[in-house]
Amino acid sequence: MPSACLIKVRGVVQGVGFRPFVYRVARELHLCGWVLNGEQGVEIHLEGPEPALEEFQRLLTTGAPPASRITAVEVQGADVLGLQEFVIKASERNERPTVRISPDLPVCDNCLRELKDSTNRRFEYPYINCTHCGPRYTVILALPYDRPNTTMKAWPFDEYCDREYHDPANRRFHAQPNACWECGPQLALWDASGAQIETQDPVAEAARRIALGEVGAVKGLGGFHLAVDAANADAVALLRERKRRVEKPFAVMVPDIATAAQLCEVDALARQALLSRQRPIVLLPKRDNTFIADAVAPGQRDLGLFLPYTPLHHLLFAAGEFRALVMTSANLSEEPIAIDNHEAVHRLAEVADFFLVHNREILLRCDDSVVRPAAGRVRQVRRSRGFVPEPVQLHKEVPPVLAAGGELKNTICLARGPFAFLSQHVGDLENAESFDFFEEAVEHLSKVLEIEPSIIAHDLHPDYFSTKWALAQEGVRRIGVQHHHAHIASCMAENHLDEKVIGIALDGTGYGTDGHIWGGEVLLADYSGFERAAHLAYVPMPGGAAAIREPWRMAVSYLAQTFGPALFEQGIPFVGELGWRRAATTLQMMDRRLNSPLTSSCGRLFDAVAALVGMRTTVNYEAQAAMELESAARRAPPGAGAYPLALERSDGCWQIGAGPLFDAIAGDLRRAAPVGIISRRFHNALVAIFVCVARSVRDESALNRVCLSGGTFQNAYLLDNMIRGLEHEGFEVFTHAEVPAGDGGLSLGQAMIAAHAAAP
Ligand code: ZN
Ligand code: FE
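Residues numbered from 1 in each chain as written. Chains lettered and ligands numbered in written order. Predicted model: local features only at pLDDT ≥ 70, side-chain atom pairs only at ≥ 80, totals over all residues. Heavy atoms only, no water.

**Observations regarding the domain arrangement of the chain**
- Structurally, the chain comprises domain 1 (3–94), domain 2 (103–185), domain 3 (187–358) and domain 4 (536–734).
- Listed as interface residues are 15 residues of domain 2 and, on the opposing side, 12 residues of domain 3.
- Summed over the three residues of domain 2 that lose the most area to domain 3, namely Pro106, Pro126 and Tyr127, the buried surface amounts to 41% of that side.
- Inspection of the domain 2/domain 3 interface yields zero salt bridges.
- Across the side of domain 2 that touches domain 3, the residue classes tally to 12 nonpolar, one polar and two charged. (Domains from an automatic or database assignment. Contact = heavy atoms within 4.5 Å. Buried area = accessible area lost by both parts, 1.4 Å probe. Salt bridge = Lys/Arg side-chain N within 4 Å of Asp/Glu carboxyl O. Nonpolar A, V, L, I, M, F, W, Y, C, P; charged D, E, K, R; others polar.)

So this is what it looks like as C-alpha cells:
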C-alpha cells in the first residue's frame, strides 16, 4: 500500500543542484512524484512504500549537494495521487528571498577532472562549471536565478550545452553559467596598452610572462587580480612600487595544501579553512626560510595563503614555472577592485605588463575574503567572496532594515525576518572611487534579496560618507547608532544574545556621544541602549588624523601625560631620535589644544607603544603598528609578566590611566629590554586591566556575560589571552567568528539596534 508525503526544504537550495539531486534519489528508490522551487524553498511530493519514503528523508539530509545549506525540513502527510513517474516541475514565479542565492563556489573535483582531460569537450576551458560549482552571486542580475537573469545571458547555449542543461540526469542540469569552448566566454591576452597579443594559448603565454617576472592583471570572479611570482623578489618589489603599496602584506595563492604547509604552519583548523568552499585567504604563522620573497609580507608573523578557486587559477599553475603567486586585488592603494576590461587597462596601464581578460562582464566587485584561526576558531577578518550573500542567522525576527556601516572596511547590512545579509567588503569610504561601489552594493543587495528597508541605520560620525548618504535618503526612518555600541550589538547578534552584557569594544576610531574619539570602551549594553562603564583615559591626538599615520605623535602625547616637561630627562632613546624641536612643537600644540582632539582609542595606545619602542614612527597602512607589535609579542618567550595600569573612578565611570604603563616601559627601555618582551608585557597589561574592570562592573551590575568586539580583537594574542583571563575569572565570554570583529562587522550591530528601536 503506497503512502505519500509533502516535504519542504528551506535554506540555500537554489542554483546548487538540489532538484537534480532530489530527482536522482527519488528515481533510485523508485518513488513517484515531483520536485519544484516553491515559495518557501524546494517542495517535494513523494509516493511509494513507507520504507522507501523514510530512506529518501535520510538521504535528503546526508547526501545533499555540497554547496546547498538546508536550514529546515518539514514533512507532512499527503494524498496518494497514483503518479507513475518522478518529474522536475517548472519553477513557480513567486520566489522570495527565502529561496536564497548561493555565494560563488570553487570549481569542483568533477569539473577539474574534465578540465585536465584532453579528450573532454571542456579540456582546459577556463569557464567550466556545473550545478555544484562556479560563479553565483557575482553573476546574478536579478531573481529568479535563471540564465537570462545572469551575466551569461550574452552567450546562447550551443546544442551540446543545451542538452546538458535540460537533462535532469546530467550534472549540468539547470547549471545557469554552463558553457563550453563552442558557445561560452573566451580568454584573450592584452598588452599594457590594451592591444591584443597574438597567441594560440593566452593562459600559457600569461604564465610564461609571470615566470619571467612580469606583473599580470588577471580577470577573476569578482574583479581583477595582479599576479606576480611570489618567489621573485624583483617582481614583488616592482609590484609594490607600481601599485604604490609600501609594506602592506600581499596574499599568496599556492597550488595545493602541501605547498601551503611548506610556507606556513598548517594545523587541522587552518587546513579546513583553506579547503573550505569559500576559499578565503587564511592568515597563518609563517615558517622561516621559505622560497617566498621577504617583501611579500615584511615585518609580519603571518602570511595570507589561499588555494585556487577558479578553473583559470588551476590552468595558470599547471602552465607556469612558479610555485606560488602573489594575487592581490587590482587597484591602486585603497581604491576598489577593478572589474571592467577597459576600466582595468585605463587604471592599471602603469601597473600591469599584460592583461589576461575574458569577455564576460563582471557585474559586481567582490574581493577575496580573509580569515584567521585564533583562539581555537576560524575568525573573519574580511567577509566577502564565497560568504556573501550567505546570511547571519538571527535569534529573532526583525523588520526590513538597512545599515550603512562605518567609514573604513565598510560593509552594508540588509536584515529582514530571521536573517541579516552583510554585503561584500566595500572598503574605505575615504576614497571617492568607493562611493559608487557603496551605492552599487546597496542597490544590488536590495534587488537580489528583494528587501525594501523602512529603516536606515548609520554611524553617529557626521562626516562619514555612509552617514551623509543615510541622512540623504528620503521616505525612511533614520537611526543613528554609536560606533562601539554597534560593535557590541554585532557580537551579541552573532552569538544570539538578547540580554544585557558587559561589552569590551577596543579599536582605532569611533565617534563618541561626547564628540570625542572613542576606542577603548567598556559598555553595559543591549540592543536598546548602552551605558559607558569604563574607558581608556582621554589623551590628546596632536595633529588629529595625522596622528593616525604618524604614531610618534601619540608617543609624545602619552609621554607628556606621564612625565610632563620631564619627558626629556627620562633617557628614552625615542625622544632623543625625535629631536627636541619636533617634540616641543608637538607639546605646544597640545598645550594650546590646537588640532588635538581627545581620544580614548586603544589603537592609538598601540601606536604610541610601537613608536616608543622604536618599532615605527610612521605607518603605511591601518593597524600596521599594532600588527607588528602583536607579531613581536607572539615571537617572544612566555612568562614576561604585565605592566601596571591605573584605575580611577570619575564621572560615574572607570578611567584607565596609562601613566604607570609608560613609566614602566621607559624603565625597560633604559635597561634595553627586548621589544618582544616589552610588547608581551604591554599586551598582558591590557588583558589584566580589562579583566579587572570587568570584575568591578560585574560586582555593580551582576552581569556575567562579556562580549569582545572592535578591530583590536583581530589581534590573536590579545584575543586569546583576554578570553583566558576572563574565563579564569568565571565570565562567560562571547567573541566574533562569523562576522569581523573590526568595522567590517559594524553594519550587523547597527541593523540590530535600529531594528530594536523600530520594533522592541
Ligand atoms: Zn563542477
Ligand atoms: Fe570600530
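**A closer look at the nonpolar core**
- Judged by nonpolar contacts, the single largest core of 76 residues is most densely connected at Phe574, Leu661, Phe662, Phe690, Leu708 and Leu726.
- The leading source of residues in this core is helix α21 (residues 675–701), at 11 residues.
- The contact partners of Leu708, leaving out residues within four places of it in the chain, are Cys491, Ile504, Phe713, Leu719, Met722, Ile723, Leu726, Val733, Phe734, Thr735 and His736.
- Judged by nonpolar contacts, the second largest core, of 43 residues, contains Val254, Leu263, Ala273 and Val326. (Core = buried A, V, L, I, M, F, W, Y, C linked by side-chain atoms within 4.5 Å. Buried < 20%, exposed > 50% of the residue type's maximum accessible area, 1.4 Å probe, protein only. Helix = DSSP H or I, 4+ residues; strand = E, 2+ residues; numbered from the N terminus.)

**Details of the coordination of the zinc ion (ligand 1)**
- Taken together, Cys108 (SG), Cys111 (SG), Cys130 (SG) and Cys133 (SG) make up the full set of protein donors to the zinc ion (ligand 1), lying 2.3 to 2.4 Å away.
- Written as a sequence motif, the donor arrangement for the zinc ion (ligand 1) is C-x2-C-x18-C-x2-C. Each member of the pair, Cys130 together with Cys133, is buried. (Donors = N, O, S within 2.8 Å, 3.2 Å for Na, K, Ca; no water.)

**What about the coordination of the iron ion (ligand 2)?**
- Surrounding the iron ion (ligand 2) are the protein donor atoms His483 (NE2), His487 (NE2), Asp507 (OD) and Asp743 (OD), which sit 2.1 to 2.2 Å from the metal.
- Around the iron ion (ligand 2) sit four donor atoms, and with donor-metal-donor angles ranging over 87 to 170° the site reads as irregular.
- Taken in sequence order, the residues that donate to the iron ion (ligand 2) follow the motif H-x3-H-x19-D-x235-D. A residue pair is termed long-range when its members are at least 10 positions apart, and His483 in helix α13 (residues 483–494) and Asp507 in strand β20 (residues 501–511) qualify at 24 residues. (Tetrahedral: all angles 85-135°; square planar, octahedral: opposite > 155°, others 65-115°.)

**Here we look at a negative patch on the surface**
- On the surface, a cluster of negative charge is made up of Glu433, Asp436, Glu439 and Glu443.
- Residue Glu433 is classed as partly exposed on the basis of its relative accessible area of 40%. (Patch = residues over 30% accessible without salt bridge, like charges linked within 9 Å, V, L, I, M, F, W, Y side chains within 5 Å. Areas by Shrake-Rupley, 256 points an atom, 1.4 Å probe, with all protein chains shown as cover. Lys, Arg positive; Asp, Glu negative; His and termini not counted. Charge placed at Lys NZ, Arg CZ, Asp CG, Glu CD.)

**Remarks on the packing of aromatic side chains**
- Using the criterion set out here, one finds 15 aromatic pairs in the structure.
- On the numbers, 6.0 Å between centres and 55° between planes, the contact of Phe419 with Phe421 is tilted. As far as burial versus exposure is concerned, Phe419 and Phe421 are alike and both buried.
- Three or more aromatic residues joined by ring pairs form one cluster here, namely Phe435, Phe438, Phe465 and Trp469.
- In this structure, Arg365 packs its charged tip against the face of Phe437, placed 5.6 Å from the ring centre. (Phe/Tyr/Trp six-rings, centres within 6.5 Å; stacked < 30°, edge-to-face > 60°. Lys NZ or Arg CZ within 6 Å of the ring centre and 35° of its normal.)

**Notes on the sheet that holds strand β19 (residues 477–481)**
- As summarised here, the arrangement of the four strands in space is β17-β16-β18-β19, forming an open sheet in which the pairing is mixed. Two strands in the sheet have a free side with no partner beyond their single neighbour: β17 (413–422) and β19. Across the sheet, the axes of successive neighbouring strands diverge by a mean angle of 60°, strand direction being ignored.
- The pairing of strand β18 (residues 455–459) with β19 spans five bridges and is classified as parallel. Considered in β19, the bridge of Ile456 is made with Arg478.
- Packed on one face of the sheet, helix α11 (residues 432–449) meets β16 (392–403) and β17 and runs near 155° to β17. (Pairing = 2+ DSSP bridges. Axes fitted to C-alpha atoms, helices over the stretch in contact; angles between N-to-C directions.)

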